[in-house]
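# A structural walkthrough
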Amino acid sequence: PNSWVQYIITSGINKEKDRADNYIIEEALPELRDWDCNNHELGYVHLITADKELSQRARATGVMNGGSIVYPPKFWKQYLPNLQRTQKRNQDV
């Protein structure tokens with residue numbers, strides 16, 4: 001587990017269109033807000049999605065803290081390799 005990267009994969013068992021979206025908006029982002037209120041530095045929150053409605057809902061929570069909405073292909077091509085390099089550097093120190 002990594003302390004600076006968190007990802008959530010929902011199962012979709014109930015096959016409800018909004019199931020993952022609602023989890024992100026109603027559970028994950030408020031959990032980050034609570035964590036930030038307990039004297040931890042939240043940092044940027046980046047959400048990887050191509051869903052415009054989810055992007056708008058996430059921004060409206062006010063938890064993103066200057067983070068961005070990242071289009072999935074851009075994440076795989078640009079963000080993930082950068083995160084992996086940073087993680088490797090941190091492990092080597």
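Structure's up top.
The following paragraphs examine the structure supplied in this document.

Reading guide: rules and limits
Residues numbered from 1 in each chain as written. Predicted model: local features only at pLDDT ≥ 70, side-chain atom pairs only at ≥ 80, totals over all residues. Heavy atoms only, no water. Helix = DSSP H or I, 4+ residues; strand = E, 2+ residues; numbered from the N terminus. Buried < 20%, exposed > 50% of the residue type's maximum accessible area, 1.4 Å probe, protein only. Contact = heavy atoms within 4.5 Å. Areas by Shrake-Rupley, 256 points an atom, 1.4 Å probe, with all protein chains shown as cover. Expected span 1.5 Å × (residues − 1). Bend = angle between axes of the 7 residues up to and from the residue. Patch = residues over 30% accessible without salt bridge, like charges linked within 9 Å, V, L, I, M, F, W, Y side chains within 5 Å. Salt bridge = Lys/Arg side-chain N within 4 Å of Asp/Glu carboxyl O. Lys, Arg positive; Asp, Glu negative; His and termini not counted. Charge placed at Lys NZ, Arg CZ, Asp CG, Glu CD.

### Some points on the overall build of the chain
- Along its length, the chain carries 3 helices and 2 strands.
- Helices (α) and strands (β) of the chain occur, in sequence order from the N terminus, as α-β-α-β-α.
- Counting every position in the chain, which comprises 93 residues, the buried fraction comes to 18%.
- Sequence-distant contacts in the chain: of pairs separated by 6 or more residues, those separated by 24 or more amount to 35%.
- Accessible surface, the chain as shown: approximately 7500 Å² in total, 50% of it carbon and sulfur.

### What about the environment of Gly66?
- Inspection of the secondary structure puts Gly66 in the loop between α2 (52–60) and β2 (69–70).
- Accessibility expressed as a relative area gives 67% for Gly66, which makes it exposed.
- In this structure, the C-alpha to C-alpha distance between Gly66 and His46, residues 20 residues apart in sequence, is 8.6 Å.

### Details of helix α3 (residues 72–92)
- With 21 residues, α3 extends 29 Å from end C-alpha to end C-alpha; this agrees with the ideal 30 Å at 1.5 Å per step.
- Its maximal kink placed at Tyr79, α3 deviates by approximately 40 degrees, while the proline Pro81 follows within four residues.

### Remarks on the side chain of Ser55
- Mapped onto the elements of the fold, Ser55 is located in helix α2.
- For Ser55, a relative accessible area of 8% corresponds to the buried category.
- Excluding its chain neighbours within four sequence positions, the residues that come into contact with Ser55 are Thr49 and Ile69.

### Some words on a negative patch on the surface
- Taken together, the side chains of Glu26, Glu27, Glu31 and Asp34 define an acidic patch exposed on the protein surface.
- Here Glu31 shows up in helix α1 (residues 19–37).

### Quick look at unusual backbone geometry
- In this model, Asn65 sits at a positive phi of 55 degrees, which is unusual for a non-glycine residue.
- With respect to the helices and strands, the residue Asn65 is situated in the loop between α2 and β2.

### Some points on the pattern of salt bridges
- Summed over the entire model, instances satisfying the criterion amount to 1 salt bridge.
- As a salt-bridge pair, Asp92 and Lys88 come within 3.6 Å of each other at their nearest N and O atoms. Of this pair, Asp92 and Lys88 both sit in helix α3, separated by 4 residues, roughly a single helical turn.
- Of the residues examined, Asp92 reaches a relative accessible area of 59% and is grouped as exposed.
- Classification of Lys88 as exposed rests on a relative accessible area of 51%.

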